[in-house]
Amino acid sequence: MKYNSFLKLILFGFICAFMATSCVKEGPVGPAGLDGKDGKDGINGRDGVDGKVTCQVCHSGTNMEQKQREFAMSIHSSGAIAVDYAGGRASCARCHSHEGFTQFSVFGSVAGDITNPSAWKCNTCHGLHKSFEGDDYALRKIDPVVPVAAANGVMDLKGNNNLCGTCHQSRSAEPGTAAPGTNFTLTVRTYPHYSAQSNILFGNGLSEIPGSVAYPAKGTSTHLTMAGGSCTGCHMGTFSARQGGHTFIPSLKSCNDCHGGTPITNYNYGGVQKDTQEKLDQLRDKLLAIGVITKTTVDGVDSYAPKPGSVPMVQAQAVYNYFGIKYDRSLGVHNPKYVKAILANTIDALK
Ligand code: HEC
Ligand code: HEC
Ligand code: HEC
Ligand code: HEC
Ligand code: HEC
Ligand code: HEC
């Protein structure tokens, strides 16, 4: 029955289109124009569906269940630490719980603390369809990312990827922009948060300390701009080998499909992750030696934090960059050129 009315919908669309063309007044024949938009169907006020696409593309027998299987592998579906700790707090919930994000995407803000926050579900990210066309995944947020730290500027990560960027972005501007001056007062939270992935991919928002390595222009990295790139290109490629799709785990298949050449078997393409880790360790040791970060060891595990106090600006910026890149956790993969420039110039500036 449903399928039947869907067919009628398409048929009606064709009839409308036919009638529209046959009513045009005759005149000299002009050059062929671009294809027009799909006509209104006129039955129930909803736009007709593009003839090439059917609802079945996505809503087929097992497709939704397959997504469930994949999603069960994602930390999003457990919420792990993030929901318990911050999912209920009004100031954190827009990124830390299902309830918070849905409120934020509908109303633009979270009304107040949430007493029973929960982890991501399908309709945390998928809301209501708008056009019902092939690229309409009914995602709640696809407009360019409005930054939490206004100084970072709007970032367009390309369509569906802006959903990811709404949460996976910095929460503060870098010290030189946040409070310009010769000195800066470090707090235990002088870093972009644990979520600067979008900023790094975009090449925007870490401290661009002047130095010998040039910074690439914002929004130009190939991993962002190439077709099949950006967040979904690497993290949601066709599900295979327990990666990609709705696991959100970066898939080596995506890397290899795009790079060509000898297939890589881990993410350390061209030695970039190893190199980034080495530079990060060097920077950390410098910051420890200067005394602007602290080290704590619990059960044999070392952790580091900014040491509160007033310090020269460049040292505060170095602290910010260290934690920004560390917590990004791709070890340079998100934007190899930007990360390389930040680390080289930051380390040089501390000499
Ligand atoms: C590009 C993929 C895609 C296409 C094409 C698509 N849908 Fe969906 N649809 C989804 C996703 C993803 C969801 C959210 C799944 C969930 O919440 O479990 C959804 C949800 C829905 C829902 C649940 C109600 C709601 O919240 O919107 C309905 C009804 C629906 N789609 C109808 C349709 C119809 C009718 C068509 C064809 C005209 C269609 N969809 C085409 C992907 C698609
Ligand atoms: C509503 C906010 C929100 C949205 C939207 C969101 N994330 Fe996340 N994401 C989080 C939070 C918070 C965590 C940490 C969860 C935890 O540790 O409990 C996380 C964890 C992750 C992880 C690591 C854990 C895992 O499951 O592998 C990856 C990778 C990730 N997100 C990628 C993405 C991508 C890609 C998108 C877009 C398709 C996206 N996220 C959309 C908030 C979000
Ligand atoms: C703009 C979105 C956003 C806001 C607002 C936000 N967070 Fe987060 N936070 C994230 C994302 C995304 C992650 C996960 C990053 C990842 O997995 O790499 C995260 C991770 C964390 C983690 C690390 C959890 C873990 O998996 O180890 C803590 C702790 C945290 N946030 C605390 C907070 C607190 C407290 C607040 C409110 C004061 C807050 N966050 C507000 C986006 C946000
Ligand atoms: C963290 C956000 C997020 C969550 C949670 C999520 N999705 Fe999606 N989903 C996306 C994004 C982003 C896309 C578009 C991917 C792209 O652009 O390639 C998508 C695409 C889809 C599609 C269309 C693509 C296809 O291959 O058929 C379906 C169907 C779908 N999701 C169903 C689900 C279901 C079912 C769930 C719950 C089990 C779910 N999604 C949970 C972000 C999410
Ligand atoms: C070029 C491919 C690529 C692109 C584009 C990309 N990522 Fe990643 N991402 C990776 C790789 C590789 C890792 C490292 C995973 C690892 O080492 O386990 C990673 C790590 C992460 C992590 C930490 C996950 C963890 O388990 O430690 C998060 C969160 C994340 N990416 C989110 C995003 C978001 C959000 C975007 C878009 C703004 C994005 N990524 C774009 C490849 C990519
Ligand atoms: C959409 C295509 C595309 C995808 C998908 C992609 N890459 Fe790339 N990547 C490129 C291109 C093109 C270059 C070279 C140009 C450049 O560096 O800007 C590159 C360069 C790199 C570099 C820098 C190499 C160097 O020696 O400087 C690393 C590291 C990298 N990719 C890792 C990955 C990983 C890991 C994945 C999968 C998780 C991945 N890429 C997915 C297109 C892609």
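Above this text sits the structure in question.
Residue positions are given per chain, counted from 1 along the sequence in the order it is written. Chains and ligands are labelled by the order in which they are written, letters from A for the one and numbers from 1 for the other. Whole-chain, interface and lining totals are the exception, using all residues; otherwise, since this is a predicted model, local features are given only for residues with pLDDT of at least 70 and side-chain atom pairs are given and counted only at 80 or more. Side-chain metrics rest on all non-hydrogen atoms present in the structure, leaving aside hydrogens and water.

Quick question: what am I supposed to make of the coordination of the iron atom of ligand 5 here?
Octahedral six-donor coordination of a metal ideally yields angles of 90 or 180 degrees, compared with 109.5 degrees for tetrahedral four-donor coordination. Taken together, His235 (NE2) and His334 (NE2) make up the full set of protein donors to the iron atom of ligand 5, lying 2.0 Å away. Here histidine 235 falls in the partly exposed class, since its relative accessible area comes to 26%. Looking at histidine 334, the relative accessible area reads 17%, which means it is buried. Metal donors: N, O and S atoms at distances within 2.8 Å, or within 3.2 Å for Na, K and Ca, with water omitted from the atom set so that some sites may seem incomplete. With a 1.4 Å probe rolled over the protein chains alone, any residue whose accessible area is under 20% of its type maximum counts as buried; one over 50% counts as exposed, and the rest are partly exposed.

Which parts of the structure should I look at to understand the site of ligand 4?
Taken together, the neighbourhood of ligand 4 is formed by 17 residues, with Cys122, Cys125, His126, Asn160 and His246 sitting nearest. Two N or O atoms count as a polar contact when they lie within 3.5 Å, although within protein this holds only if one can serve as hydrogen donor and the other as acceptor, and sequence-adjacent residues are included solely when both atoms are side-chain atoms. At a separation of 2.9 Å, an oxygen atom of ligand 4 approaches a polar side-chain atom of asparagine 63. At the level of elements, α2 (63-71) and α6 (122-125) are the ones that each hand at least two residues to the shell around ligand 4. When residues of the shell around ligand 4 are assigned to their parent elements, the largest contribution, five residues, is made by α2. Across the shell around ligand 4, the residue classes break down as 10 nonpolar, five polar and two charged. Here the shell around ligand 4 spans two domains, since at least three of its residues come from each of domain 1 (47-140) and domain 2 (150-349). Summary of the distance rule: residues count as near a molecule or strand when at least one heavy atom falls within 4 Å of that molecule or strand. The numbering of helices and of strands both runs from the N terminus, where a helix is a DSSP run of H or I of at least 4 residues and a strand a run of E of at least 2. Each residue receives one of three labels: charged for Asp, Glu, Lys and Arg, nonpolar for Ala, Val, Leu, Ile, Met, Phe, Trp, Tyr, Cys and Pro, and polar for the others, Gly being one of them. Delimitation of the domains relies on an automatic or database domain assignment.

Explanation requested: the coordination of the iron atom of ligand 4 in the structure shown.
Distances from the iron atom of ligand 4 to its protein donors, namely His126 (NE2) and His246 (NE2), fall within the range 2.0 Å. Viewed at the metal, the six donor atoms of the iron atom of ligand 4 are separated by angles of 88 to 179°, and the geometry they form is octahedral. A residue pair is termed long-range when its members are at least 10 positions apart, and histidine 126 in the loop between α6 and α7 (161-167) and histidine 246 in the loop between α11 (230-235) and α12 (252-259) qualify at 120 residues. Donor angles set the geometry label: tetrahedral for four donors if every angle is between 85 and 135 degrees, square planar for four and octahedral for six if opposite donors exceed 155 degrees and the others are between 65 and 115, irregular for anything else.

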